[in-house]
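Structure at a glance
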Amino acid sequence: NSASLTAAVLSGSLGAMLSHPADTLKTRLQGSLFDDVKASGPRDMVAKMRETGPLSQQLFRGFAPRVFRIICCTYIYSNLTETFEGYARTLVARASFGFERPAAPAAQALAMDNAQ
């Protein structure tokens, strides 16, 4: 399904581009627990990252694998959603929810009895 794949590529790429820098910063903060000098917060971590090199390169390190992973997950999730929604619609359409549907002649007789 090319439309689903195109949507997954676009949404996965955009989602990764917007979330990756914040996720990298969070990961660096969590990893700083084992450093000798710990960062006091996001601003302190950004300052430390600037000391070691260009900030944009550090914030987008590991970007390609993340984009690939998010695109694959988005594509798989959207296809599974479509598939299971189709199954659910079929089950609901076939379900009688424990009540048997009366045959047409019995339903007509029941309606005539209620009318009298």
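In this report, the structure presented in the accompanying data block is examined. (Residues numbered from 1 in each chain as written. Predicted model: local features only at pLDDT ≥ 70, side-chain atom pairs only at ≥ 80, totals over all residues. Heavy atoms only, no water.)

Moving on: the overall build of the chain. On a plain count of helices and strands, the chain comes out with 5 helices and 0 strands. For the chain, the succession of helices and strands along the chain, N to C, is α-α-α-α-α. Here the chain holds 116 residues, and 19% of them are scored as buried. Sequence separation of at least 24 residues holds for 61% of the intrachain contacts in the chain that already meet a minimum separation of 6. Summed over all atoms, the accessible surface of the chain reaches about 9000 Å², with 64% contributed by carbon and sulfur. (Helix = DSSP H or I, 4+ residues; strand = E, 2+ residues; numbered from the N terminus. Buried < 20%, exposed > 50% of the residue type's maximum accessible area, 1.4 Å probe, protein only. Contact = heavy atoms within 4.5 Å. Areas by Shrake-Rupley, 256 points an atom, 1.4 Å probe, with all protein chains shown as cover.)

So, about helix H2 (residues 42–52). Burial in H2 covers these residues: Met 45, Val 46 and Met 49. Taken around the axis of H2, the buried residues stretch over an arc of 100 degrees, which confines them to a single face. Facing away from the buried side of H2 by more than 90 degrees, the exposed set consists of Arg 43, Arg 50 and Glu 51. Tucked inside the fold, the buried residues of H2 contact helix H1 (2–31) and helix H3 (55–59). (Arc of directions from axis to C-beta.)

In contact at an axis separation of 10 Å, H1 and H2 are set at 95 degrees when each is read in the N-to-C sense. For the element pair H1 / H2, the angle class is roughly perpendicular. Where H1 approaches H2, its residues Leu 25, Arg 28 and Leu 29 are matched on the opposing element by Pro 42, Met 45, Val 46 and Met 49. Classifying every residue of the contact of H1 with H2 gives 6 nonpolar, no polar and 1 charged. (Axes fitted to C-alpha atoms, helices over the stretch in contact; angles between N-to-C directions. Parallel < 35°, antiparallel > 145°, perpendicular 65-115°, else oblique. Nonpolar A, V, L, I, M, F, W, Y, C, P; charged D, E, K, R; others polar.)

As a further point, take the side chain of His 20. Along the chain, His 20 turns up in helix H1. A relative accessible area of 5% means that His 20 is categorised as buried. Within the local environment of His 20, its side chain forms a polar contact with the side chain of Arg 66, the two groups lying 3.5 Å apart. (Polar contact = N/O pair within 3.5 Å; in protein donor to acceptor, adjacent residues only side chain to side chain.)

Structural measurements only, silent on function.
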